[in-house]
Structures are given as structure tokens and as C-alpha cells.
Amino acid sequence: MKYNTLSDYLKNKYGCKVYKLSLQSGCTCPNRDGTKGYGGCKFCSEGGSGDFAARLSDIDTQIKEAKEKIDSKFPKGTKEENKKYIAYFQSFTNTYGDEERLQKLYKSILSYPEIVAISIGTRPDCISDNMLCFLKELNKHIDVWIELGFQSANDNTIRNMNIGYDRSVFEDTYKRLKDAGITVIVHVILGLPGECKEDMLYTIKYLAGLNPHIDGIKLQLLHVLKNTKLYEEYMESLEKNEDYLHVLTLDEYCKIVTKCLMLLPSDTVVHRITGDGPKSLLVEPKWSADKKNVLNKMRSYISDVQKFRVHHIMCTNLYRGMGYDGDFAKNMTKIVRELRNNPDKKLYLVNDPDCICERCPNLKDGKFCTNGDNNVRTKDTLLADALDLEIGEIYTYRELMAIAKVKLTRDVFENSCKNCNWYKQGACRYEDFKFDN
Ligand code: SF4
Ligand code: SF4
């Protein structure tokens with residue numbers, strides 16, 4: 001599958017590669033100093049989630065040093081005027097504290113024409129009306145992005161992790177920011193204690209349902225870092241043999257991220273599919289220390305997954321080269337050949353248009369099947385029930401065929417196919433189904 005990556009978005013918007021300068025505003029966190037709570041969010045290290053940001057010094061020095069670090073990433077020979085940056089204030093809560101000082105600091109970024117956007121990480125309970133007014137004005141001169149911590153839509157998790165604000169606070173701030181025309185990027189952590197796959201997907205479904213759509217999302221793997229409350233509780237649970245936290249494997253993480261991406265609106269920019277905790281502090285998951293390898297595996301996994309509608313389990317099996325038109329048949333022949341040659345291909349099961357529908361003359365507006373007034377959706381759902389398949393799950397084609405071998409009875413087949421013209425014409429028959437594909 002393809003998704004809307006940050007690098008593509010930046011290239012389209014600014015016409016070139018744009019790099020982030022990690023800077024510090026000198027803010028602390030209200031969840032550490034007692035204003036909202038003590039101890040911080042349980043997963044947060046003493047660096048306040050910005051363990052790689054520049055040391056605190058005056059902003060000009062920080063920008064100069066951050067540029068020196070990043071400049072080797074530009075292709076050799078890139079002219080100075082073609083180097084563009086984002087001023088990125090990540091650590092702690094960058095709208096909390098002396099607002100006059102902060103506004104002066106953020107305004108000073110305007111004197112750097114090569115900085116095209118300013119990205120400010122903060123908590124949803126820390127944007128005052130005064131700050132919002134300032135950000136709205138600043139947004140007229142430079143692109144302002146607010147990165148809002150959210151982490152989970154499950155209030156129990158938010159409470160357990162000592163995050164200190166709930167979904168209603170997030171929702172209210174989100175609306176205020178969007179009303180002010182500001183770009184909002186939401187942070188989500190996958191793998192939090194007590195959260196199963198459904199809980200994580202619930203968070204993403206909730207975000208995907210927001211109107212207007214979220215501009216961007218950062219998906220972050222939960223890291224257990226030393227010197228955090230999460231680490232203490234995790235170690236304690238190991239001693240007591242308690243089931244406190246399921247440490248995701250790389251395979252599980254690839255799968256869950258792919259499902260998240262499938263659920264997000266296509267116009268939401270994906271800023272991150274994982275993060276990297278400082279190696280010196282990282283306790284779990286150990287595999288996440290090798291970021292390059294993780295990203296390679298994730299990208300390869302995600303690009304391999306394709307949407308596949310349930311009833312196409314049968315159509316691909318019984319396909320014999322006929323189709324609605326030449327273009328459809330050409331595409332279907334290619335897909336069927338690929339699936340037969342590579343039955344380990346990963347398929348994301350849907351009751352919506354898939355890679356086969358994409359080239360079908362019956363598909364309207366990319367989502368509606370005019371063949372039978374979109375009843376095909378019901379057909380997919382009923383067949384998924386009959387075969388005990390989960391829509392929104394990832395299976396290999398081999399697995400789907402193995403399930404069909406056990407569960408696809410003549411009755412199930414007839415029920416599913418009886419209204420289809422290909423069945424009526426005798427082109428598809430139960431006895432032709434190749435169960436040993
Ligand atoms: S009868 Fe229709 S739905 Fe059934 S397998 Fe054939 S083409 Fe697919
Ligand atoms: S007829 Fe409908 S369900 Fe079948 S391939 Fe075309 S669009 Fe998809």
C-alpha cells in the first residue's frame with residue numbers, strides 16, 4: 001500500500017527536501033512541576049521526549065549548531081538558497097510558561113527565511129487563548145504546525161499512564177486550533193500497557209473520524225526507557241510475574257502500523273511510523289534499537305500489503321480470463337497470476353473497493369459499486385462471517401485459501417454467488433474451486 005509520507009508532502013509543498021532543526025524553547029512540563037501533575041507521563045524520560053534536541057543556548061546558536069548537524073544530509077553541491085528547514089521544538093511542553101518570552105522566541109524564527117515552518121510540540125491542556133491568538137497571527141507569516149500529544153483515545157490508558165488530560169480536552173483544543181487555521185499533527189503511542197490491538201485501532205478510528213481531518217500523525221512505538229515510571233512498573237511486573245505490558249515484536253508492530261495506515265484518511269500526512277528512543281536508555285523492545293533495519297522492514301511490509309475484498313477470495317480462484325472489459329481483465333489477470341505465484345502476499349481484508357475494483361468499469365467515485373447497487377458490500381460481510389474471517393485483518397493469500405478449504409461449503413458458495421451474473425452464466429461453479437491452490 002501507498003501512504004501519504006511527510007517527505008512527499010514536503011517536496012510537493014516546498015519543492016525540495018526540508019530538514020528539521022531540533023531546537024529547545026527552555027520550557028518545562030506542567031505534568032512534572034505540579035501544575036497539572038507530578039512525575040510526568042509514565043513513558044516520558046527526563047529529556048521530555050526530545051532526547052535528541054539541541055542543548056539549551058540562545059536560539060541563533062541553536063539554529064547554527066542544528067544546521068551544522070543536518071547539512072550533510074543535503075545532496076552535495078546544494079546551494080545555500082535551496083536549503084530549507086523546519087524549526088522543531090519537540091521537548092516538553094513548548095506553549096507552557098512565560099508566554100511573552102515564548103512568543104518572542106517563536107517570532108524570532110521569522111528572521112530566518114530558509115526556515116519554512118515552525119513545529120511546536122505541546123499538550124492539549126496547555127494552549128491558552130492568548131497563545132492561540134499569537135499562533136494564528138504567526139501562521140500568516142510562516143507555516144505553524146502544532147504537534148499535540150494524544151497517545152490514546154482510551155481514557156483508562158490515559159489515566160493509567162498519568163497523562164493528565166482526557167479525550168474531551170484534546171477534542172476541544174483540536175477544534176480551537178483547526179478553527180484558527182493551524183496545522184495539527186497528532187502523536188499516538190502504540191503498545192501502551194493494557195492496550196490490545198483493538199484498543200490501538202480504536203484510537204486511530206477515533207482520529208480518522210475527526211472533522212476536519214487531522215493534518216498529520218506520528219505513530220510511535222512504546223519504548224520502555226530507563227529512568228521512567230513505566231520502566232519501574234515494567235521491572236516490578238517482571239519480578240512478580242504479572243502481565244503488565246506486552247512488548248510488541250517487530251512483526252506485530254509492522255502489522256498494527258499497516259492497519260493504522262489503512263484506516264487513516266488519505267489526506268492525513270504520516271510524519272512518522274516509529275520513533276527512536278536513546279539507545280543508552282532503551283530497555284524494550286530491543287529490536288527497535290536498530291532503526292535502519294526497523295524502517296527497512298516496516299517499509300517493505302507496508303508496501304507489500306494490498307486491499308482485498310472478501311468475495312474476491314472466490315473470484316480470484318475461479319477466474320478464467322473473462323471480465324467486464326479489456327482493462328479490467330488485464331488487471332485481474334495480473335493480480336491473479338501474482339497471487340498464484342506468490343501466495344504469501346499479504347492482503348488486508350475489506351468490504352470496500354480493492355486492487356481488483358480499481359480498474360473495474362462498475363466502480364463509481366472510487367467507492368461505489370454500481371453492479372447491484374453496492375450490495376456487494378453485504379456480500380463481502382456475509383461471506384466473511386461464513387468463513388470466520390475478520391474484515392480489517394491481514395492474511396496471506398495462502399491462509400485465505402486454507403480457510404476456504406475448510407469453510408467454503410457448497411451452501412456458502414451458492415449463497416454468496418447466486419445473484420452474480422458470472423454464476424448465472426455458468427462461468428463460476430463450486431466444483432471448479434481449486435482448494436489445493
Ligand atoms: S459468481 Fe461472481 S462473485 Fe462468485 S466467484 Fe464468480 S465472479 Fe465472483
Ligand atoms: S463489480 Fe463491483 S465488486 Fe466487482 S470488481 Fe467491479 S467494482 Fe469491484
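Parameters at a glance
Residues numbered from 1 in each chain as written. Chains lettered and ligands numbered in written order. Predicted model: local features only at pLDDT ≥ 70, side-chain atom pairs only at ≥ 80, totals over all residues. Helix = DSSP H or I, 4+ residues; strand = E, 2+ residues; numbered from the N terminus. Buried ≥ 20, exposed ≤ 12 C-beta atoms within 10 Å, placed from the backbone. Contact = placed C-beta atoms within 7 Å. Pairing = 2+ DSSP bridges. Axes fitted to C-alpha atoms, helices over the stretch in contact; angles between N-to-C directions. Near = placed C-beta within 6 Å. Nonpolar A, V, L, I, M, F, W, Y, C, P; charged D, E, K, R; others polar. Core = buried A, V, L, I, M, F, W, Y, C linked by C-beta atoms within 7 Å. Parallel < 35°, antiparallel > 145°, perpendicular 65-115°, else oblique. Left-handed = near helix turned anticlockwise from the far one by under 90°. Domains from an automatic or database assignment. pLDDT = per-residue confidence, 0-100.

1. Details of the overall build of the protein chain
Then comes step 1: When helices and strands are tallied, the protein chain shows 16 helices and 14 strands.
Then comes step 2: Expressed along its principal axes, the backbone C-alpha trace of the protein chain runs to roughly 75 × 55 × 40 Å.
Then comes step 3: Taken over 437 residues, the protein chain has a buried fraction of 36%.
Then comes step 4: Within the protein chain, contacts between residues separated by at least 24 positions form 81% of all contacts whose residues are at least 6 apart in sequence.

2. Description of the sheet that holds strand E5 (residues 183–190)
Then comes step 1: Strand order in the open sheet formed by seven strands is E1-E2-E3-E4-E5-E6-E8, and the pairing between neighbours is parallel. Of all strands in the sheet, those bounded by a partner on one side alone are strand E1 (18–23) and strand E8 (269–272). Averaged over all pairs of adjacent strands, the angle between their axes in this sheet comes to 25 degrees, without regard to strand direction.
Then comes step 2: Most of the contacts of helix H6 (residues 167–179) go to strand E4 (residues 143–151), to which it runs at about 170 degrees, and overall it touches E4 and E5.
Then comes step 3: Sitting on the sheet, helix H9 (residues 250–263) is in contact with E5, strand E6 (216–221) and E8, with an inclination near 165 degrees to E6.

3. Overview of the site of ligand 1
Then comes step 1: In the neighbourhood of ligand 1, the contacting residues comprise His-311, Met-314, Cys-315, Leu-318, Cys-417, Cys-420, Trp-422, Tyr-423 and Cys-428.
Then comes step 2: Among the secondary structure elements, those contributing two or more residues to the shell around ligand 1 are helix H11 (312–318) and helix H16 (421–424).
Then comes step 3: Examining the composition of the shell around ligand 1, we find that three residues originate from one element, H11, more than from any other.
Then comes step 4: When the residues that make up the shell around ligand 1 are grouped by side-chain class, the tally is eight nonpolar, one polar and no charged.

4. Focus on the nonpolar core
Then comes step 1: Grouped together as the largest cluster of nonpolar side chains are 66 residues, with contacts concentrated most on Ala-87, Val-184, Val-186, Leu-190 and Ile-217.
Then comes step 2: Ignoring sequence-local partners within four residues, the contact set of Val-186 consists of Leu-148, Phe-150, Leu-207, Ile-214 and Ile-217.
Then comes step 3: Judged by nonpolar contacts, the second largest core, of 25 residues, contains Val-310, Cys-360, Tyr-397 and Cys-428.

5. Considering the sheet that holds strand E10 (residues 306–309)
Then comes step 1: Spatial ordering of the open sheet is given by E10-E11-E14, a layout of three strands whose pairing is mixed. Strands at the two margins of the open sheet, each flanked by one partner only, are E10 and strand E14 (394–396). Geometrically, the sheet is characterised by an average inter-axis angle of 50 degrees between neighbouring strands, direction not taken into account.
Then comes step 2: Across the sheet, helix H14 (residues 397–407) lies against strand E11 (346–350) and E14, angled at about 85 degrees from E14, the strand it touches most.

6. Let's talk about unusual backbone geometry
Then comes step 1: Looking along the chain, the bond that leaves Asn-211 and enters Pro-212 is cis, with omega of 0 degrees.
Then comes step 2: For Pro-212, the position within the fold is in the loop between helix H7 (197–208) and E6.
Then comes step 3: Even without being glycine, Gln-151 reaches a positive phi, approximately 75 degrees.
Then comes step 4: Counting through the fold element by element, Gln-151 comes out in strand E4.
Then comes step 5: Classification of Gln-151 by C-beta neighbours within 10 Å gives buried; the count is 24.
Then comes step 6: Positive phi, close to 55 degrees, is recorded for Asp-365, a residue that is not glycine.
Then comes step 7: Classification of Asp-365 as exposed rests on a count of 7 C-beta atoms within 10 Å.

7. Considerations on the packing of H9 against helix H10 (residues 291–304)
Then comes step 1: Relative orientation of the contacting elements H9 and H10 amounts to 50 degrees, with a least axis distance of 10 Å. In terms of orientation, H9 lies oblique with respect to H10. The hand of the H9/H10 crossing is right-handed. Of the residues in H10, those in contact with Leu-250, Cys-254, Val-257, Thr-258 and Leu-261 of H9 are Val-294, Lys-297, Met-298, Tyr-301 and Ile-302.

8. Remarks on the pairing of E11
Consecutive side chains along a regular strand alternate between the two faces of the sheet.
Then comes step 1: Sheet topology note: the E10/E11 ladder contains four bridges and is parallel. In the strand pairing of E11, Phe-308 is matched with Leu-349.
Then comes step 2: Direction of pairing for E11 relative to E14: antiparallel, over a ladder of three bridges. What sits directly across from Leu-347, in E14, is Tyr-395.

9. Digging into the domain arrangement of the protein chain
Then comes step 1: Under the domain assignment, the protein chain is made up of domain 1 (6–303) and domain 2 (306–432).
Then comes step 2: The gap between the C-alpha centroids of domain 1 and domain 2 is 39 Å.

10. Some words on the confidence of the model for the protein chain
Then comes step 1: Model confidence for the protein chain is summarised by a mean pLDDT of 93, while 97% of its residues fall at 70 or above.
Then comes step 2: This model gives residues 49–54 a pLDDT under 50, and the stretch forms 20 contacts once residues within four places in sequence are excluded.

11. Examining the environment of Asn-227
Then comes step 1: The residue Asn-227 is located in the loop between strand E7 (224–225) and helix H8 (229–239) in this model.
Then comes step 2: Considering only alpha carbons, one finds Asn-227 and Thr-5, 222 residues apart in sequence, at a separation of 33 Å.

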